[in-house]
Amino acid sequence: MNTPSGDTIYDVIIIGGGPAGLSAAIALGRSSRSVLIIDSGRPRNAPAAGVHNFLTRDGVSPAELLATGRAEAATYGAHLVEATATAASRRDDGFRVILDDGTSVQGRRLLVATGLVDELPDILGLTERWGNDVLHCPYCHGWEVRGRSIGILATGPMAMHQAQLFRQLSQSVTFFLHAAPEPSAEELEELAARGIRVVSGRVESLTVTRDALTGVLMEDGTEHQIDALVVAPTFTARAGVLTDLGLEATAHPFGVGTHVESDEVGQTAVPGVWAVGNVTDLMAQVVTSAAAGLKAGATINADLIAEEVRAAVASARGQQVEQGAPDQA
Ligand SMILES: Cc1cc2nc3c(=O)[nH]c(=O)nc-3n(C[C@H](O)[C@H](O)[C@H](O)COP(=O)(O)OP(=O)(O)OC[C@H]3O[C@@H](n4cnc5c(N)ncnc54)[C@H](O)[C@@H]3O)c2cc1C
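One structure accompanies this document, and this report is about it.

What counts, and where the lines are drawn
- Residues numbered from 1 in each chain as written.
- Predicted model: local features only at pLDDT ≥ 70, side-chain atom pairs only at ≥ 80, totals over all residues.
- Heavy atoms only, no water.
- Helix = DSSP H or I, 4+ residues; strand = E, 2+ residues; numbered from the N terminus.
- Buried < 20%, exposed > 50% of the residue type's maximum accessible area, 1.4 Å probe, protein only.
- Contact = heavy atoms within 4.5 Å.
- Areas by Shrake-Rupley, 256 points an atom, 1.4 Å probe, with all protein chains shown as cover.
- Lys, Arg positive; Asp, Glu negative; His and termini not counted.
- Charge placed at Lys NZ, Arg CZ, Asp CG, Glu CD.
- Near = heavy atom within 4 Å.
- Polar contact = N/O pair within 3.5 Å; in protein donor to acceptor, adjacent residues only side chain to side chain.
- Nonpolar A, V, L, I, M, F, W, Y, C, P; charged D, E, K, R; others polar.
- Domains from an automatic or database assignment.
- Phe/Tyr/Trp six-rings, centres within 6.5 Å; stacked < 30°, edge-to-face > 60°.
- Lys NZ or Arg CZ within 6 Å of the ring centre and 35° of its normal.
- Salt bridge = Lys/Arg side-chain N within 4 Å of Asp/Glu carboxyl O.

Here's the deal with the overall build of the protein chain
Logical step 1: Counting its regular elements, the protein chain contains 6 helices and 19 strands.
Logical step 2: The C-alpha extent of the protein chain, read off along each of the three principal axes, is 90 × 40 × 35 Å.
Logical step 3: Of all 329 residues assigned to the protein chain, the portion counted as buried reaches 46%.
Logical step 4: Long-range contacts, defined here as pairs at least 24 residues apart, represent 58% of the contacts in the protein chain between residues at least 6 apart.
Logical step 5: For the protein chain, the exposed surface amounts to about 16000 Å²; the carbon and sulfur share of it is 52%.
Logical step 6: Looking at charge distribution, the protein chain has the averaged site of its 23 positive side-chain charges lying 5 Å from that of its 39 negative ones.

Section: the site of the ligand
Logical step 1: The ligand sits among 37 residues. The nearest are D39, S40, R42, A284 and V286.
Logical step 2: Within the backbone of G41, one N or O atom sits 3.2 Å away from an oxygen atom of the ligand.
Logical step 3: One nitrogen or oxygen atom from the main chain of R42 is found 2.6 Å from an oxygen atom belonging to the ligand.
Logical step 4: Of the residues belonging to the shell around the ligand, the class tally is 14 nonpolar, 18 polar and 5 charged.
Logical step 5: Here the shell around the ligand spans two domains, since at least three of its residues come from each of domain 1 (9-118 + 234-318) and domain 2 (121-230).

Here we look at the packing of aromatic side chains
Logical step 1: Enumeration according to the criterion identifies 0 aromatic pairs in this entry.
Logical step 2: A cation over an aromatic ring shows up here: R146 above the ring of W143, its NZ or CZ 3.8 Å from the ring centre.

Structural notes on the pattern of salt bridges
Logical step 1: Under the defined criterion, the tally for this structure stands at 14 salt bridges.
Logical step 2: Across the pair E307 and R109 runs a salt bridge whose closest N-O atoms are separated by 2.8 Å. You can see E307 sitting in helix α6 (residues 286-322) and its partner R109 sitting in strand β6 (residues 104-112), a full 198 residues away along the chain.
Logical step 3: Judged by its relative accessible area of 28%, E307 falls in the partly exposed class.

Overview of the environment of L191
Logical step 1: Here L191 is to be found in helix α5 (residues 185-193).
Logical step 2: Judged by its relative accessible area of 0%, L191 falls in the buried class.
Logical step 3: Separated by 51 residues in sequence, L191 and L242 place their C-alpha atoms 42 Å apart.

Side note on the side chain of H252
Logical step 1: Summarising the element assignment, H252 is placed in the loop between β17 (250-251) and β18 (257-259).
Logical step 2: Residue H252 is classed as buried on the basis of its relative accessible area, which comes to 12%.
Logical step 3: Those residues within four positions of H252 in sequence are excluded, and the remaining contacts are G257, T258, H259 and L282.

So, in structure tokens, the structure goes:
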């Protein structure tokens, strides 16, 4: 569907149709809730060939996973509009969301599942290889580079942790100090004890041969051969759409980026607004994002039911008063 009705008040508007948003849509659709998903079609893992660590779906392409998810959500009546939500505001009876073509839609509850942006280190040739042989997550694609020569680009607080995680997968790990502060004596001892080589100086560019990473070129002109480079992107929550609601992304406690704070079921500080998946949980994987979407969907359904029970009771009491029945208040 590409022309959402501005007059309809959906039970729930979901901004972002990745694993988190689609999973919530299915839970809500199966609860006979009217759902509108607004999705701009830029899932975070799009550069990757396949999704791993998702039980029964190992290796499925990100595009296929989303196409299947969209079809499942549609089965339960969820509407999808391919658009970008640019702003959201509160109304007496819920929320109004503005789309990039200027149209607006209304919903009683708002679920934000917009994911995050991976801000990559500024190194020549790196962005082009992201999701292929430049990677960040051992659980996503570590197995695919096991036993190969792996470089760790130290740019932030995760580098030491990443080095030891990838050492589990290969005996050939090189730690490029690049922009990181000099490791402590204890950290150097830990690296040495596991046979991880440490290279000082900044990495200038990546060397690519026949569409495969083959090494890094240092600023001092030396070259080091590697088959894969592990980086630690800064994770930036896609939270701009929430600004007018008074919600903004805050620094994540691990020092790895920004996120929108929410509780264990995805509820934010603004009543009626939920946030799930990578926009709130920077470490979430596909399956955990989907699980969070299901949990939020169920909680939103319960929240709507509570509102409807209150309204039904108030209405029944009003009718009873009108009919002269005893007031049971
Ligand atoms: C290279 C790479 C490989 C990965 N591989 C794996 C893997 O193998 N296994 C695994 O479990 N995890 C993997 N991940 C992590 C995985 O991508 C995330 O866990 C997952 O995508 C989070 O789902 P999400 O629904 O929160 O966000 P996303 O999947 O990013 O979906 C967010 C959706 O919201 C849309 N959107 C954003 N803003 C707006 C807006 N304003 N209006 C409308 N739509 C909007 C986007 O276009 C997108 O479609 C990988 C990540 C990367 C970077």
